[in-house]
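# Structural features, examined
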Amino acid sequence: MGDTLEFNEIYQEVKGCWNDGRLRFSKQSVVYKSNKTGKVDSIPAPDLSLAQWRRVCLGHGIKLATSNGHIYKYDGFKDSDFEKISAFFKANYKVELAEKDMSVKGWNWGTAKFSGPLLSFDINDSPAFEIPLASVSQCATGKNEVTVEFHQNDDAEVSLMEMRFYVPPTPGDEGTDPVEVFSQNVLSRADVIQATGDAVCIFKELQCLTPRGRYDIRIYPTFLHLHGKTFDYKIPYTTVLRLFLLPHKDQRQMFFVISLDPPIKQGQTRYHFLILLFSKDEDISLTLNMSEEEVERRFEGKLNKNMSGSLYEMVSRVMKSLVNRKITVPGNFQGHSGAQCITCSYKASSGLLYPLERGFIYVHKPPVHLRFEEISCVNFARGTTTTRSFDFEIETKQGNQYTFSSIEREEYGKLFDFVNAKKLSIKNRGLREDMKGTDGYSDSDEDEHDAYLERMKEEGKIREEGDESEGDSDESFNPGEEEDDVAEEYDSNASASDSEAEEGDSEDEGKKKKVEKKPKKAPKEKKERKPRKEKKVKDAGAPKRPMSAYMLWLNASRERIKAENPGISVTEISKKAGEMWKQLDKSRKEEWEKKAEEAKKQYDKAMREYKESGGGAASSAVKEKKKKGGKVEAKKRKSGGDKEYERGNESFKSKEFISSEESSSDSDRGKSKKRKQSDDEDEEEEEVASTPPSSEEESGSD
């Protein structure tokens, strides 16, 4: 038998909700770690006094009791686990694992027994149900009745609100009320916060970010009391999971974060984190409301009766001693600006992301804490609005996704190195990095290829070149300097009305107008299209290309993978095969690589023989035929385009520019066309020669 026993998917009941986790039995202790919160419960082996094996709703369960009165219950074991757990307990804990039957009669009358933190309702000496008194929030009494109310858990689908017990009067008791005795036994172990006695110390007007406002914090031996102008909160130390002390990016302020489970409530709002903001320059002198002997006995030198220093140091020191939990601070990470955090946005609110040694924490609205062990993968994505920033996405094993956006591009290298060093799975890692090692990470940082970083650099270069080219090619719009190319119909300088203006010279010399000819702009050169890439014609007679070492191994292992995983889909086979290939021994891989080399040699030899025998000639003939056909089509298109261009050059005149005089004829229109297009006699002769005979005869008759 080994030194430890480990069991996964073991459940622990927490205020009406089942939380799964991992349970480990070792020679020194029993350790349970919750998958939801990461909280670790450790029971030293010498403290175990009782162990019971019981049939419960989730199979079988174990009930453990300690010498100091604590009781722990874990469910989710199989029937076959009993023998090895019983033998382990006898060999290492010197405790016998006894089998205990539960009552299933369904009776609602029996005996109430108080054993430590549990209220057990027994029927014929067999427990029917047990109530953890720590889940009780209030206890009220009646004439012969006791009403027990319970704390509510937001994660539970169905919650038990209250339970009533009828306590019959007992004539044998003298002067004692059985109802009051029952109520006192419940309240002595219930999680009912009562501010009895004086506070150990009080911190006045502390700035709190969540819940927002300024609160007086009163430190009691068992709970924390937040007293504000509107709301009061009482926080038991048992609900505190973690403590964080985080420096602000401006290096002048400090965050003190208290993680809570279950959270504090205000109406429908839940606060899983209590965040306090301090200034580093603020100092305080603190005196504990206890004697020096009591301080020494209770805190064992962690606190003194009189202390002085920075306010955030005093608050964190007192909380650490009372809660008995370590304070988490940022590790070795340093961003581009030298700070230990990264400025980003989460859910449209700006905040700070702190990479820690075992997780990430974001402050402050809303606060988020993600442990590495619950992270499935991370992703670096391009920003949606600009290339000067990027998004950092975290996906958990439960399927939740957290996106931290608007991170400066300069922080990318630091954050990527941090994620890489913590062995987190990166979703968009390049193929080259995936093939480097069995674990997916390269040994040297120099050979790492970051596809996203290279893409961002290329986009930046393209953007800079585009800005320069746009600056050179843009033309300024100056309506006063030059006229429009196309004259409007109501424009007095329109070219189409030049003939009317010149005819008016003979009628009225005072209204003579000079028409200046405007040089035509050269047509813009069309960019030549790049020739299309020719598709490779597959030669059916050519030998097939050889498969790689991985594909040879996959074809040989496919049936074995199907047999080991019945009902697996095609995509899951590929995914499973990829994981198995990564974990394959180097010697085994070399065998398949040798087979792949042999197949490559055979392919080269077959290809050489195929070409020598005249193979591949048919495909080359097909290619030449396609090329010739393409040239003929191009010529046809070109000739058709010229015809269209000629038709497009035909002159067109609207009705508004036709002369209203009855004497105007086709010859007049021919003369006006000649005057418009030429200024000297040579040009006139060329145009007369180019006009059709009908127009020449008409001009001669005039």
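Every value quoted in this text rests on a predicted model; they were computed, and no experiment measured them. (Residues numbered from 1 in each chain as written. Predicted model: local features only at pLDDT ≥ 70, side-chain atom pairs only at ≥ 80, totals over all residues. Heavy atoms only, no water.)

## Overview of the sheet that holds strand S10 (residues 118–123)
Keep this limit in mind: Only strands joined by at least two bridges in the DSSP assignment are considered to pair. What counts as a helix is a DSSP run of H or I of at least four residues, what counts as a strand is a run of E of at least two, and both are numbered from the N terminus. A fitted line through C-alpha atoms represents every axis, and for helices the fit uses only the stretch in contact; the resulting angles, taken between N-to-C directions, go from 0 to 180 degrees.
With respect to topology, 3 strands assemble into an open sheet ordered S9-S10-S11, the strand pairing being antiparallel. This sheet does not close on itself; its edge strands, each paired only once, are strand S9 (111–115) and strand S11 (126–132). Neighbour to neighbour, the strand axes of the sheet diverge by 25° on average, direction disregarded. In the sheet, S9 pairs with S10 via 5 bridges, with the strands oriented antiparallel. Across the sheet, Ser115 pairs through a bridge with Leu118, a residue of S10.

## So, helix H11 (residues 586–612)
Using the following cut-off: For a helix, the expected span equals 1.5 Å multiplied by the number of residues minus one. Relative accessibility under 20% of the residue-type maximum defines a buried residue, over 50% an exposed one, and the middle range a partly exposed one, all with a 1.4 Å probe and only protein chains included. Should any heavy atoms of two residues lie within 4.5 Å, those residues are considered in contact.
Helix length check: H11, at 27 residues, gives a terminal C-alpha distance of 39 Å against a target of 39 Å (1.5 Å per residue), a fit within 8%. For H11, every residue scored as buried is listed here: Lys589, Trp592, Ala596, Tyr603 and Tyr610. Residues of H11 that are buried sit in contact with helix H9 (549–564) and helix H10 (570–582). At the exit of H11 stands Gly614, carrying a positive phi of roughly 95°.

## Concerning the packing of H9 against H10
Threshold: Crossing chirality is assigned from the near helix's rotation relative to the far helix, an anticlockwise turn below a right angle marking it left-handed and a clockwise turn marking it right-handed. Classification convention: Asp, Glu, Lys, Arg as charged; Ala, Val, Leu, Ile, Met, Phe, Trp, Tyr, Cys, Pro as nonpolar; all other residues, Gly among them, as polar.
For the pair H9 and H10, the least separation of the axes is 10 Å and the interaxial angle reads 115°. When you trace H9 past H10, the crossing you get is right-handed. Between H9 and H10, the residues in contact are Ala549, Tyr550, Trp553, Leu554, Arg558, Arg560, Ile561 and Lys562 and Ile573, Ser574, Lys576, Ala577, Gly578, Met580 and Trp581, respectively. Of the residues contributing to the contact of H9 with H10, the split by class is 9 nonpolar, 2 polar and 4 charged.

## Observations regarding the confidence of the model for the protein chain
Short version of the rule: Note: pLDDT gives the predictor's confidence per residue, expressed from 0 to 100.
With 70% of its residues at a pLDDT of at least 70, the protein chain reaches an overall mean of 76. Within the protein chain, strand S27 (residues 359–363) carries the highest mean pLDDT (94), whereas helix H6 (residues 431–434) carries the lowest (38). The model gives residues 670–681 a pLDDT under 50, and that stretch makes 17 contacts with residues more than four places away or in other chains. Every residue in residues 683–702 scores below 50 in pLDDT, and together they form 17 contacts with partners more than four places removed in sequence or on other chains.

## A look at the sheet that holds strand S12 (residues 136–141)
If you walk across this open sheet you meet the 3 strands as S12-S13-S14, and the pairing is antiparallel. Two strands lie at the open edges of the sheet, namely S12 and strand S14 (162–166), each paired on one side alone. Averaged over all adjacent pairs, the angle separating strand axes in this sheet is 20°, with direction ignored. Two elements, strand S13 (residues 145–150) and S14, share 5 bridges in a ladder whose sense is antiparallel. Bridging across to S14, Thr147 finds its partner in Arg164. The strands touched by helix H2 (residues 178–189) are S12, S13 and S14; relative to S12, the strand with the most contacts, the crossing angle is about 170°.

## Side note on the nonpolar core
What counts, and what does not: By nonpolar core is meant a set of buried Ala, Val, Leu, Ile, Met, Phe, Trp, Tyr and Cys residues that side-chain atoms within 4.5 Å join together.
Phe203, Ile219, Leu224 and Met319 are the most contacted members of the largest nonpolar core, which has 39 residues in total. Sort the elements by how many residues they give to this core and helix H4 (residues 311–323) lands first, with 8 residues. Ranked by size, the runner-up nonpolar core spans 26 residues in total, among them Tyr346, Val368, Ile375 and Phe418.

## Concerning the environment of Phe7
Along the chain, Phe7 falls in strand S1 (residues 5–14). Considered as a pair, Phe7 and Phe77 are 70 residues apart in the sequence and their alpha carbons are 8.1 Å apart. Beyond its immediate sequence surroundings of up to four residues, Phe7 is in contact with Gly21, Arg22, Leu23, Phe25, Phe77, Asp81, Lys84 and Ile85.

## Considering the pattern of salt bridges
Oppositely charged side chains may form a pair once their charged atoms are brought near each other. How we decide: Salt bridge, as used here: a side-chain nitrogen of Lys or Arg that lies within 4 Å of a carboxyl oxygen of Asp or Glu.
The full count for this structure, using the stated rule, is 15 salt bridges. Between Lys33 and Glu373 there is a salt bridge; the shortest N-O distance is 2.8 Å. A residue pair is termed long-range when its members are at least 10 positions apart, and Lys33 in strand S3 (residues 29–34) and Glu373 in the loop between strand S28 (368–371) and strand S29 (375–382) qualify at 340 residues. Look at Lys33 and you get partly exposed, because its relative accessible area is 22%.

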